[in-house]
Amino acid sequence: MSGKGKTDLIVNGKRLDGRKPEELRPVKIQAGVLKRADGSCYLEWGENKVLAAVFGPRECLPKHEQDPYRARLLYRYNMAPFSVEDRKRPGPDRRSQEISKVSREALERVVFLENFPKASIDVFVEVLQADAGTRCAGLTAASVALADAGIPMRDIVVACAAGKVDNEIVLDVNKIEDNDGQADLPIAILPRTGEVLLMQLDGILAPEEYKRALQLAVEGCMKVNELQRNALREKYEKLADAGEQKE
Amino acid sequence: MSGKGKTDLIVNGKRLDGRKPEELRPVKIQAGVLKRADGSCYLEWGENKVLAAVFGPRECLPKHEQDPYRARLLYRYNMAPFSVEDRKRPGPDRRSQEISKVSREALERVVFLENFPKASIDVFVEVLQADAGTRCAGLTAASVALADAGIPMRDIVVACAAGKVDNEIVLDVNKIEDNDGQADLPIAILPRTGEVLLMQLDGILAPEEYKRALQLAVEGCMKVNELQRNALREKYEKLADAGEQKE
Amino acid sequence: MSGKGKTDLIVNGKRLDGRKPEELRPVKIQAGVLKRADGSCYLEWGENKVLAAVFGPRECLPKHEQDPYRARLLYRYNMAPFSVEDRKRPGPDRRSQEISKVSREALERVVFLENFPKASIDVFVEVLQADAGTRCAGLTAASVALADAGIPMRDIVVACAAGKVDNEIVLDVNKIEDNDGQADLPIAILPRTGEVLLMQLDGILAPEEYKRALQLAVEGCMKVNELQRNALREKYEKLADAGEQKE
Amino acid sequence: MIVMEINEEILWSVKRDAIRALIEAGKRSDNREWNQFRAIELAPDFVRKAEGSCFIKLGNTQVLVGVKFAVGVPYPDTPESGTLMTSAELVPIASPIFRAGPPDEDSIELARVVDRGIRESKMIDFDALCITPKEEVWSVMVDLHVLDHDGNLLDAASIAAVRALLDARFPKYEDKKVIYTEKTKKKLPLKDVPVSSTFAKVGSALLLDPLLEEEKAMDARVTIATTHEGNICAIQKGGSGSFTLEECEKLASEAIKAGKEIRKQHLK
Amino acid sequence: MIVMEINEEILWSVKRDAIRALIEAGKRSDNREWNQFRAIELAPDFVRKAEGSCFIKLGNTQVLVGVKFAVGVPYPDTPESGTLMTSAELVPIASPIFRAGPPDEDSIELARVVDRGIRESKMIDFDALCITPKEEVWSVMVDLHVLDHDGNLLDAASIAAVRALLDARFPKYEDKKVIYTEKTKKKLPLKDVPVSSTFAKVGSALLLDPLLEEEKAMDARVTIATTHEGNICAIQKGGSGSFTLEECEKLASEAIKAGKEIRKQHLK
Amino acid sequence: MIVMEINEEILWSVKRDAIRALIEAGKRSDNREWNQFRAIELAPDFVRKAEGSCFIKLGNTQVLVGVKFAVGVPYPDTPESGTLMTSAELVPIASPIFRAGPPDEDSIELARVVDRGIRESKMIDFDALCITPKEEVWSVMVDLHVLDHDGNLLDAASIAAVRALLDARFPKYEDKKVIYTEKTKKKLPLKDVPVSSTFAKVGSALLLDPLLEEEKAMDARVTIATTHEGNICAIQKGGSGSFTLEECEKLASEAIKAGKEIRKQHLK
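If you're wondering where the values come from, they're calculated on a predicted model, not measured in any experiment.

Enquirer: Help me understand the overall build of chain D, please; the structure alone is not making it clear to me.
Expert: Along chain D, the regular secondary structure elements total 5 helices and 12 strands. Against the globule reference of 18 Å for 268 residues, chain D gives a C-alpha radius of gyration of 19 Å, in line with a compact fold. On the principal axes, the C-alpha backbone points of chain D span a range of 65 × 45 × 35 Å. Residue burial in chain D is summarised as follows: out of 268 residues, 60% are buried. Intrachain contacts of chain D at a sequence separation of at least 6 include 69% that bridge at least 24 residues. When the accessible area of chain D is evaluated, it comes to approximately 10200 Å², of which 52% is carbon and sulfur surface. Each charge sign in chain D was given a centre, from 37 positive and 43 negative side chains, and these centres are 4 Å apart.

What follows is the structure, given as structure tokens:
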């Protein structure tokens with residue numbers, strides 16, 4: 001939030017991209033898009049394009065990172081150099097390492113890691129085009145890829161942000177709003193219980209605004225969770241169709 | 001030694017900070033200042049502030065660095081980024097790696113490493129504020145921290161420098177003298193025998209000057225060694241008091 | 001190939017260094033020049049000066065790189081910082097890593113690696129002075145060093161380049177010709193069969209030119225192979241002489 | 001260095017159950033209230049070579065923060081604003097499990113969370129750090145040097161960083177050269193004083209300013225930075241456990257309360 | 001991460017004999033001719049934040065190439081020429097044996113071979129990329145992002161890179177600042193359209209556009225880039241096997257032929 | 001690469017006792033006096049691409065030193081002085097225990113000790129390397145390339161570096177560009193010729209110019225650089241053993257003596 005708090009981001013109740021304050025950007029989710037990965041998901045969220053892949057459970061290496069009681073969960077968030085306007089140098093920077101850490105923590109208790117002692121479950125997220133909200137998009141895609149890989153989970157984790165723009169609490173902040181807005185509050189939840197697994201805030205919110213933003217973000221999460229479930233259903237239906245045709 | 005050999009560093013037999021040529025800067029030593037470390041020492045030497053910590057003997061890792069006959073001694077000299085006027089980038093540079101090497105070598109035969117096969121004894125020195133003489137201050141503090149950790153040693157190693165400033169041989173060169181002086185000769189010795197364990201020279205000395213500087217540095221070492229022993233005594237007296245109070 | 005295709009590189013059928021189009025630069029080869037290495041070779045090729053050393057077969061480390069069925073072949077091409085006009089930063093850059101890879105691949109099936117399971121055979125090439133053609137010079141020297149180390153091989157690999165300069169196909173391009181010429185085609189072959197083990201091309205060649213350049217490069221290889229064999233013979237004769245003198 | 005860490009881990013896994021039982025019984029080993037900070041000792045201006053500095057003792061946790069100034073080129077998209085860079089070193093002096101080397105994810109998170117609290121509160125007036133637009137601006141470098149780790153590095157480092165910034169003074173700048181040996185009386189242009197409060201969640205218990213042993217036993221953690229007007233300006237949730245929405249709201253109120261207290265006592 | 005690679009290796013060593021037998025019998029598992037490319041699907045302008053981009057599906061191999069422009073200082077020895085930089089990331093998403101980390105020799109070779117094909121064909125008119133001699137030139141950065149590896153990354157990346165360069169458009173450049181959000185209609189000054197063709201050698205068989213399984217079974221490999229006039233402009237032989245001189249010549253002719261076809265269908 | 005080093009170590013630990021016994025009996029395996037250098041062969045100007053260079057053979061130890069010049073910006077605190085940078089690579093060609101990779105502490109010490117001898121003797125008149133104050137000065141880069149390690153790299157590298165500096169000639173500098181292909185006749189402005197002498201201590205024996213086997217058996221080492229006027233200008237003690245004050249003084253005199261001899265024979 002460079003947070004100049006510009007006041008022309010919402011005009012007549014509409015945001016610059018035509019959305020209402022509590023409206024999501026269009027979200028498209030497709031499961032099972034890669035051949036080599038055990039599970040995968042391609043996700044578009046507004047102008048964001050991310051690809052998630054899951055490998056595992058497989059042997060955890062190096063061996064000294066093996067845990068005799070549960071699988072190790074690896075999460076790597078990576079931006080393609082051309083995904084942003086100023087070319088990003090390849091390799092992890094401090095921002096992506098932090099995002100990898102909080103995203104991994106959001107998944108660690110949701111995946112039944114205890115089912116796979118000594119193994120590793122590796123989640124890789126590639127941001128192909130970035131337009132604010134990539135950590136939420138990445139985590140949402142990762143969750144679908146985990147399900148696509150058949151990894152047992154308590155629930156499908158889903159993420160979405162709310163924010164403050166033009167003194168109003170809005171859902172799902174885009175790039176311009178992120179640059180000139182006042183606050184961004186990405187969260188991830190367990191849809192079944194509404195518990196918060198990831199939460200970060202950049203920017204100033206009064207306590208009441210914070211409460212409202214939290215609620216709005218949860219509502220956004222629930223909508224995106226529908227799309228996650230649809231994508232997985234579609235994938236299985238296709239598989240089933242293919243199975244029937246074979247018979 | 002940029003060694004311009006300026007001639008206004010000693011005026012009427014007094015140095016710029018008021019010291020006589022053979023006078024030490026004030027030295028303060030405190031043992032046992034950290035909770036997590038096995039032994040520690042905080043030391044102020046003029047404007048220098050250093051902190052030393054010892055961990056071990058503990059298992060030596062990675063395992064291929066284990067020595068079946070003796071402990072490995074690790075020594076890491078590190079400067080805090082804000083310890084010098086131009087901010088130093090974090091991490092080891094060539095100077096600090098060299099200082100770590102010669103400091104470790106000065107301690108290697110003094111510690112009874114053969115008592116702890118396969119173990120590691122790790123010495124960490126953090127320079128919090130630097131003003132010429134940090135390698136001597138660090139090694140002097142490290143020695144106290146080793147004693148504080150109860151590591152058996154032949155003797156308490158102590159270090160001090162002599163130098164040439166304004167054509168005169170002086171004890172314990174400070175920052176201004178180091179910048180504009182003619183030579184700096186840091187040494188470390190075993191106080192019991194006077195044997196030299198560390199010696200480096202930067203700058204030009206005639207053979208007679210070298211001899212005089214060596215003697216002066218040894219005298220400085222003996223004075224600082226007194227303060228080391230006092231600091232350890234104080235620490236044990238406090239412990240004893242605490243012990244008595246408990247009873 | 002910056003490939004401006006300048007037209008003054010061949011005048012009256014002679015190249016700028018006096019050579020005819022199909023003429024090699026002078027090549028000097030000396031085997032067994034280092035004490036510590038198991039095999040070594042010093043080679044001058046025009047203004048190029050390279051040194052190759054071989055260590056092994058020795059235990060392959062780290063252990064996870066051991067192959068139970070054959071030795072690992074390591075090849076490291078390295079340029080000394082002062083070997084080129086603009087000082088090169090020490091350490092591998094992308095160019096030298098590529099050269100190391102294609103050179104290693106050229107040797108991998110020629111050395112009887114299967115004779116030494118779990119071992120490593122390490123080839124190190126240092127470019128001391130560079131003047132175009134260092135990958136060929138290095139591989140040619142490496143081959144002699146392998147023979148000098150007594151490593152069993154199917155044949156002595158040899159390398160040489162042809163190129164296009166001033167619209168003419170020429171042998172063994174030098175630095176000026178490389179900068180201003182039109183194409184450079186380094187190859188390495190097995191002299192006994194003429195099979196191609198390394199081939200790279202930079203620059204534009206018509207199919208007929210490519211055919212002619214290939215042939216010319218093979219001819220160059222055969223000439224250099226003679227010098228390799230002479231150098232090894234000389235080395236063994238010296239050893240034999242020394243042996244006789246001892247008796 | 002792996003086995004040591006595992007040994008340290010084994011040690012903690014043994015202690016963990018006892019610690020959790022105590023906490024579930026509503027007790028903390030140092031008898032603090034759940035929403036009480038440990039005693040805080042600050043030694044401001046500890047490092048005279050730095051433009052600003054503060055040594056903090058938060059219980060047995062010790063951190064030294066130094067602030068250095070330099071003159072640099074502004075970022076192209078903010079040509080009239082100064083810059084802030086926050087780095088953290090978890091030097092091996094501070095804990096048996098810290099290792100020398102490039103920053104790992106824990107030290108990166110520490111630096112970024114402290115940075116976020118400062119930056120998002122708008123504490124520093126970056127526009128006032130401009131010397132010549134597009135060409136020269138002051139850059140402020142905050143280094144967090146952790147010396148003894150007994151829990152809650154985030155708040156310890158954050159409080160000391162804010163204090164070091166409050167006290168920092170510009171060096172002389174003449175003929176395009178910074179003269180570090182001469183400090184002026186000019187202080188940083190500041191607009192707020194953020195305070196960071198970190199809560200651990202252990203089972204159903206919530207604990208402000210966790211001890212190391214409480215961190216080892218915790219399920220999750222949340223760090224909330226608040227402004228002097230009683231707003232929230234930065235949050236970082238950590239750990240693999242979860243918070244309910246109610247907890248999220250409750251802890252925000254507590255953070256605002258705790259922030260007021262710290263600000264009054266230590267950051268004036 | 002070693003054991004996984006070995007397991008992957010064991011898997012392939014088991015399959016290798018069967019694959020080689022099939023190939024020696026003159027068959028490919030997807031029934032292609034020896035000198036036939038797999039189906040190619042291109043999604044040009046896939047990434048709108050880049051100045052040029054192309055997503056390619058070559059069979060099941062998927063690569064995304066992005067082209068970014070920047071303004072920089074020319075090299076001292078070519079003060080009036082723009083620059084080209086090609087990088088490759090074999091991100092772990094694409095294969096169980098790829099690892100995160102600095103580029104290894106395979107990704108370096110991939111980037112350098114794609115770069116060589118572009119550079120040596122004289123595709124880009126670097127002199128036309130000069131803004132102010134000695135001071136400002138355009139630099140073109142090509143990033144090869146491998147997403148799914150089912151063989152022949154070299155040609156997939158090369159074809160997508162050439163297509164991304166064909167479509168790329170300059171961003172606005174004003175007051176010494178590149179405005180990436182505003183693309184102009186101006187395209188790169190191009191002089192040729194190189195096409196890369198890679199052949200695997202398995203026993204005595206030669207196979208254009210090898211599948212991953214064919215690469216695992218191959219003895220050697222050669223990549224030949226050709227120009228629109230039917231010349232050869234770059235070669236890279238790989239693998240530890242050898243080619244006869246006759247094979248070298250034959251494959252050059254085939255590469256010229258294949259190049260014409262690809263150019264006609266996908267790179268206009 | 002660890003086990004190899006241990007094997008090499010085991011080898012040496014077996015030999016060590018025999019070597020020490022010989023030395024204690026007052027003998028060296030090559031029959032030299034305790035204060036005698038091995039035969040020195042220099043091949044000056046070995047690398048014509050460098051501005052200065054010298055190949056040295058000190059017994060079987062072989063080192064190649066190259067000196068390159070460049071024009072750069074001076075350090076802010078010495079705006080009218082040129083700069084010196086000395087680097088060392090212990091390339092794996094020179095010894096079975098050297099590994100490729102970033103400089104380790106041995107190569108750092110080698111570079112810094114050679115640098116210190118040159119710098120502290122005031123050999124180079126850095127003020128005469130200024131082209132335009134604050135803007136352009138010559139920087140001298142000395143690279144120590146170790147080719148065969150049979151002991152006493154410190155003196156071998158130092159002698160070759162000094163000789164390379166003595167012979168080095170400036171390249172042409174025109175229109176703010178260094179033209180490396182044209183060397184001028186102008187040599188470096190030099191004020192002294194330092195010589196480095198290294199002594200090993202084995203038991204009570206002191207040995208000038210130690211062989212590798214003597215280094216493997218030694219307790220400690222001291223390197224003393226001396227000036228042409230017979231003063232001492234740099235010292236580096238190494239190894240975990242100790243020297244008495246008397247030894248420190250004695251070796252300083254011997255270093256001055258040995259320095260005179262080397263200077264007369266090889267560095268004129």
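Following the structure, the description resumes.
Enquirer: Just checking my understanding: could you explain the sheet that holds strand E4 (residues 39-45) of chain B for this structure?
Expert: The strands making up a sheet are joined through hydrogen bonds of the backbone, oriented either antiparallel or parallel. All names here are of chain B. As summarised here, the arrangement of the 5 strands in space is E3-E4-E5-E7-E6, forming an open sheet in which the pairing is mixed. With one partner strand each, in any of the chains shown, strand E3 (27-31) and strand E6 (72-79) form the two edges of the open sheet. When strand polarity is set aside, the average angle formed by the axes of neighbouring strands in this sheet is 15°. Sheet topology note: the E4/strand E5 (residues 48-59) ladder contains 7 bridges and is antiparallel. Residue pairing across strands places Trp-45 opposite Asn-48, the latter belonging to E5. Of the strands in this sheet, E3, E4, E5, E6 and strand E7 (119-129) touch helix H2 (residues 134-148), which is tilted by about 150° from E4.

Enquirer: How do you make sense of the packing of aromatic side chains when you look at a structure like this?
Expert: Aromatic rings considered in pairs are described by the distance between their centres and by the relative angle of their planes. For the structure shown, the criterion picks out 24 aromatic pairs over all chains. Relative to Phe-46 of chain E, the ring of Tyr-42 of chain A lies with its centre 6.3 Å away and its plane at 45°, an arrangement referred to as tilted. With Tyr-42 of chain A in strand E4 (residues 39-45) and Phe-46 of chain E in the loop between strand E1 (40-44) and strand E2 (52-58), this pair bridges two chains. You'll find Tyr-42 of chain A and Phe-46 of chain E in the same group, each marked buried. One aromatic cluster in this structure is built from Phe-69, Trp-138, Phe-170 and Tyr-173 of chain D. Its guanidinium or amino end placed over the ring of Phe-170 of chain D, Lys-186 of chain D lies 4.2 Å from that ring's centre, counting from NZ or CZ.

Enquirer: Looking at this model, I keep getting lost on the pairing of strand E10 (residues 183-189) of chain B. Mind explaining?
Expert: Remember that side chains alternate between the two faces of the sheet whenever the strand is regular. All names here are of chain B. Counted residue by residue, E10 has 7 buried out of 7 residues, so it is predominantly covered. What you see with E10 is no split at all: Ala-183, Leu-185, Ile-187 and Ile-189 on one side and Asp-184, Pro-186 and Ala-188 on the other are buried throughout. Note: strand E8 (residues 158-165) against E10, 7 bridges, orientation antiparallel. Pairing of Ala-162 across the sheet is with Leu-185, part of E10. Pairing geometry for E10 and strand E11 (residues 196-205), over 5 bridges, is antiparallel. In the sheet register, Ile-189 faces E11, and the bridge partner there is Val-196. Once E10 ends, the chain turns through 6 residues before running back antiparallel as E11, passing Gly-194 with a positive phi of about 75°.

Enquirer: Honestly, the interface of chain B and chain D in this entry has me stumped. Any pointers?
Expert: For interface size, the figure often reported is the accessible area lost on association. Each partner contributes to the interface: chain B provides 37 residues, whereas chain D provides 38 residues. Between chain B and chain D, roughly 3300 Å² of surface is buried when both sides are summed, and carbon and sulfur atoms account for 60% of that area. The largest share of the area that chain B buries against chain D comes from Arg-36, Phe-82 and Glu-85 of chain B, three residues that together contribute 26% of it. One can count 5 salt bridges joining chain B with chain D.

Enquirer: Would you take a moment to explain the pattern of salt bridges for this structure?
Expert: Pairing is possible between side chains of opposite charge, provided their charged atoms come close. Using the criterion set out here, one finds 136 salt bridges over all chains in the structure. Measuring nitrogen to oxygen at the nearest pair gives 3.9 Å for the salt bridge that ties Arg-72 of chain A to Asp-122 of chain A. Taken together, the residues Arg-72 of chain A in strand E6 (residues 72-79) and Asp-122 of chain A in strand E7 (residues 119-129) connect sequence positions 50 residues apart. Here Arg-72 of chain A and Asp-122 of chain A have matching classes, each one buried. As a salt-bridge pair, Lys-101 of chain A and Glu-109 of chain D come within 2.8 Å of each other at their nearest N and O atoms. Taken together, the positions of Lys-101 of chain A in helix H1 (residues 94-108) and Glu-109 of chain D in helix H2 (residues 105-120) put the pair across two chains. Across the pair, exposure class does not vary: Lys-101 of chain A and Glu-109 of chain D are buried alike.

Enquirer: Before we go on, may I ask you to explain the side chain of Asp-192 of chain D in this structure?
Expert: All names here are of chain D. Tracing the backbone shows Asp-192 in the loop between strand E8 (177-187) and strand E9 (195-202). It turns out Asp-192 is buried and unbridged, and the closest side chain with the opposite charge, Arg-263, is 5.0 Å from it. Only 2.9 Å separates the side chain of Asp-192 from the side chain of His-228, close enough to count as a polar contact. Not counting residues up to four positions away in its chain, the partners in contact with Asp-192 are Ser-121, Lys-122, Met-123, Thr-227 and His-228.

Enquirer: Would you explain the environment of Phe-112 of chain A in this entry?
Expert: All names here are of chain A. Structurally, Phe-112 is set in the loop between H1 and E7. When its relative accessible area of 26% is taken as the criterion, Phe-112 is described as partly exposed. In sequence terms Phe-112 and Lys-101 are 11 residues apart; their C-alpha atoms lie 18 Å from each other. Setting aside anything within four residues of it in sequence, one finds Phe-112 in contact with Pro-152, Met-153 and Arg-154.

Enquirer: Got a minute to help me understand the packing of helix H1 (residues 94-108) of chain B against H2 of chain B in this structure?
Expert: Geometrically, a packed helix pair is captured by the angle between its two axes and the distance between the axes. Residue and element names in this part refer to chain B. Viewed as axis vectors pointing N to C, H1 and H2 meet at an angle of 45°, and their least axial separation amounts to 11 Å. The angle between H1 and H2 falls in the class oblique. The handedness of the crossing between H1 and H2 comes out as right-handed. Touching Arg-95, Ile-99, Ser-103, Ala-106 and Leu-107 of H1 are Thr-134, Arg-135, Leu-139, Ser-143 and Leu-146, all from H2. For the contact of H1 with H2, the per-class residue count stands at 5 nonpolar, 3 polar and 2 charged.

Enquirer: Explanation requested: unusual backbone geometry in the structure shown.
Expert: Outside of glycine, negative phi angles account for most residues, and trans bonds account for most peptide bonds. Residue and element names in this part refer to chain A. Residue Pro-57 is bonded to the preceding Gly-56 through a cis peptide linkage, with omega at 0°. Examined against the element boundaries, Pro-57 turns out to sit in strand E5 (residues 48-59). In this structure, the amide linkage connecting Leu-61 to the following residue, Pro-62, adopts the cis form with an omega of 0°. By the secondary structure assignment, Pro-62 is in the loop between E5 and E6. Here Asp-172, not a glycine, exhibits a phi torsion of approximately 60°, which is positive.

Enquirer: Sorry if this is basic, but what is going on with the sheet that holds strand E7 (residues 119-129) of chain C here?
Expert: Residues and elements named next belong to chain C. Ordered by their spatial adjacency, 5 strands build an open sheet running E3-E4-E5-E7-E6, and the pairing between neighbours is mixed. One side of each edge strand has no neighbouring strand; the edge strands of this open sheet are strand E3 (27-31) and strand E6 (72-79). Each strand of the sheet is rotated relative to its neighbour by a mean of 15°, with strand direction disregarded. Where helix H2 (residues 134-148) meets the sheet, it contacts E3, strand E4 (39-45), strand E5 (48-59), E6 and E7, and its direction lies at approximately 150° from that of E4.

Enquirer: In this structure, what is going on with the environment of Gly-52 of chain D? I would like to understand it.
Expert: Residues and elements named next belong to chain D. Looking at the secondary structure, you find Gly-52 in strand E2 (residues 52-58). Sequence separation between Gly-52 and Asp-167 is 115 residues, and the spatial gap between their C-alpha atoms is 5.9 Å. In this structure, Gly-52 is in contact with Val-65, Gly-66, Val-67, Ala-164 and Ala-168, ignoring residues within four places of it in sequence.

Enquirer: Can you walk me through H2 of chain B in this structure?
Expert: Each turn of an α-helix holds 3.6 residues, which means side chains three or four residues apart point in the same direction. Given a rise of 1.5 Å per residue, 15 residues ought to cover 21 Å, and the 20 Å separating the end C-alpha atoms of H2 of chain B matches this to within 8%. At the exit of H2 of chain B stands Gly-150 of chain B, carrying a positive phi of roughly 75°.

Calculation notes
- Residues numbered from 1 in each chain as written.
- Chains lettered and ligands numbered in written order.
- Predicted model: local features only at pLDDT ≥ 70, side-chain atom pairs only at ≥ 80, totals over all residues.
- Heavy atoms only, no water.
- Helix = DSSP H or I, 4+ residues; strand = E, 2+ residues; numbered from the N terminus.
- Rg over C-alpha atoms; globule rule 2.2 N^0.38 Å.
- Buried < 20%, exposed > 50% of the residue type's maximum accessible area, 1.4 Å probe, protein only.
- Contact = heavy atoms within 4.5 Å.
- Areas by Shrake-Rupley, 256 points an atom, 1.4 Å probe, with all protein chains shown as cover.
- Lys, Arg positive; Asp, Glu negative; His and termini not counted.
- Charge placed at Lys NZ, Arg CZ, Asp CG, Glu CD.
- Pairing = 2+ DSSP bridges.
- Axes fitted to C-alpha atoms, helices over the stretch in contact; angles between N-to-C directions.
- Phe/Tyr/Trp six-rings, centres within 6.5 Å; stacked < 30°, edge-to-face > 60°.
- Lys NZ or Arg CZ within 6 Å of the ring centre and 35° of its normal.
- Buried area = accessible area lost by both parts, 1.4 Å probe.
- Salt bridge = Lys/Arg side-chain N within 4 Å of Asp/Glu carboxyl O.
- Polar contact = N/O pair within 3.5 Å; in protein donor to acceptor, adjacent residues only side chain to side chain.
- Parallel < 35°, antiparallel > 145°, perpendicular 65-115°, else oblique.
- Left-handed = near helix turned anticlockwise from the far one by under 90°.
- Nonpolar A, V, L, I, M, F, W, Y, C, P; charged D, E, K, R; others polar.
- Expected span 1.5 Å × (residues − 1).

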